[in-house]
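Given next are the chains, with one letter for each unit.
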Amino acid sequence: MRIIKPNDIPSSEITPREIYLNRRRFMAGIAAFAAAPALATPAPPARGPRLAGVRPGRFSTNEAKTPFESVTTYNNFYEFGTGKSDPAEKAHTLKTRPWTVSVEGEIRRPRIYDIDELLKFASLEERIYRLRCVEGWSMVIPWVGFPLAELIRRVEPTGNAKFVEFVTLHDPRQMPGQRSSVLDWPYIEGLRIDEANHPLTLLAVGLYGEVLPNQNGAPIRLVMPWKYGFKSAKSIVKIRFVEKAPLTAWMRAAPNEYGFFSNVNPKVDHPRWSQARERRIGEFFKRETLMFNGYAEQVAPLYRGMDLRKYF
Ligand code: MTE
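Residues numbered from 1 in each chain as written. Predicted model: local features only at pLDDT ≥ 70, side-chain atom pairs only at ≥ 80, totals over all residues. Heavy atoms only, no water.

As for the sheet that holds strand β7 (residues 188-192)
- Spatial ordering of the open sheet is given by β3-β2-β11-β6-β7, a layout of five strands whose pairing is mixed. In this open sheet, the two strands that pair with only one neighbour each are β3 (111-114) and β7. The sheet shows a mean angle of 20° between the axes of neighbouring strands, taken without regard to direction. (Pairing = 2+ DSSP bridges. Helix = DSSP H or I, 4+ residues; strand = E, 2+ residues; numbered from the N terminus. Axes fitted to C-alpha atoms, helices over the stretch in contact; angles between N-to-C directions.)

Let's talk about the site of the ligand
- Around the ligand, a shell composed of 19 residues is seen, among which Tyr78, Glu79, Arg221, Ser232 and Lys234 lie nearest.
- Note that a nitrogen atom of the ligand is positioned 3.3 Å from one of the backbone N or O atoms of Asn76.
- Side-chain polar atom of Asn216 to an oxygen atom of the ligand: 3.0 Å apart, as the coordinates give it.
- The fraction of the free accessible surface of the ligand (530 Å²) that becomes covered by protein chains is 100%.
- A majority-of-atoms criterion places the ligand in the largest cavity.
- When the residues that make up the shell around the ligand are grouped by side-chain class, the tally is 10 nonpolar, six polar and three charged. (Near = heavy atom within 4 Å. Polar contact = N/O pair within 3.5 Å; in protein donor to acceptor, adjacent residues only side chain to side chain. Areas by Shrake-Rupley, 256 points an atom, 1.4 Å probe, with all protein chains shown as cover. 1 Å grid on protein atoms, 1.4 Å probe; cavity = no way out; pocket = protein on both sides within 12 Å on 5 of 7 lines; lining within 4 Å. Sits in = over half its atoms within 2 Å of the grid points. Nonpolar A, V, L, I, M, F, W, Y, C, P; charged D, E, K, R; others polar.)

Quick notes on helix α5 (residues 148-155)
- Taken together, the buried positions of α5 are Leu148, Leu151, Ile152 and Val155. Along the axis of α5, the buried positions cluster into a sector of 100°, meaning they face one direction only.
- Two residues or fewer past α5, Glu156 is found with a positive phi of approximately 55°. (Buried < 20%, exposed > 50% of the residue type's maximum accessible area, 1.4 Å probe, protein only. Arc of directions from axis to C-beta.)

Observations concerning unusual backbone geometry
- The omega angle of the peptide bond from Arg97 to Pro98 is -10°, so this bond is cis rather than trans.
- Position of Pro98 relative to the elements: it lies in the loop between α3 (86-90) and β2 (100-105).
- A cis amide bond links Trp185 with the next residue in sequence, Pro186, at an omega value of 0°.
- If you trace the backbone, Pro186 turns up in the loop between β6 (163-168) and β7.
- Despite not being glycine, Phe292 shows a phi value in the positive range, around 50°.
- With respect to the helices, strands and loops of the structure, Phe292 is situated in the loop between β13 (287-288) and α8 (296-299).
- For Asn293, which is not glycine, the phi dihedral falls at a positive 55°.

Function cannot be read off these values alone, since they describe shape.
Below, the structure is given as structure tokens:
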């Protein structure tokens, strides 16, 4: 989702990584057959420790899951570079312990939580959610986490808490992409308080039953399946309850392209490409994008009466 380059090709138009990988393996196979020694294929991504006591959660789709390899090697995480393989290749420099999340602002119980304390205070659920990137690709990911509403309940927001701001770690030594000015760091995202409290909104700490890989936003990130992927801020260090809508990193970078709500909406095009269809990673043909990414039944009431062209 690089900024203001009129001739940019959305990544959904580029050969999907696994088709490219398969093609490369196929070519490698031919080469190996023709001339020994055999060429090596890339090593599969490392698996993380398993999370204990994860129970099946609500709202899971029964669509086919995107393979672990694609979920962990095809990402956006600009703190590690703008290429899709940069996060998997470079995020090993991120240290996820010790890690704290400061919860502050318009609440009665502000606190700095240690990540291991946060991990314990709600039982972990697996939620298999669709995720649709603003660039036109989508995945189905089995997240592990707990509803953000659990945390909100504990910190007791005041009547002035109308919005919630999420801030990603800012440390260019650990996140080399922050040495570039592609975004104004730190990465900031925001939700209206009712969106933050919605039962679909997850604080994720794992995927595929395992501790979240660094490239997917370890140790803790947001997941809102009815919004474009960029709303799901990764590697969160601060959650702030505020009265006014936060100015998010993408709104600062390109306000005409990325609005505050960023709900998946096939009827509202991005200024540089259509949002009507998407490429599910692993599939060749595109499929129709669904309103609210297929979660309209759960979330449409949040936006009743709003002009979603204006509030995109
Ligand atoms: N969070 C941070 N801090 N930095 C980022 O660059 N990219 C977003 C989102 N969260 C991003 C981020 C975008 S554009 C997408 S599509 C998702 O992360 C993709 O990551 P995932 O596949 O691990 O969900």
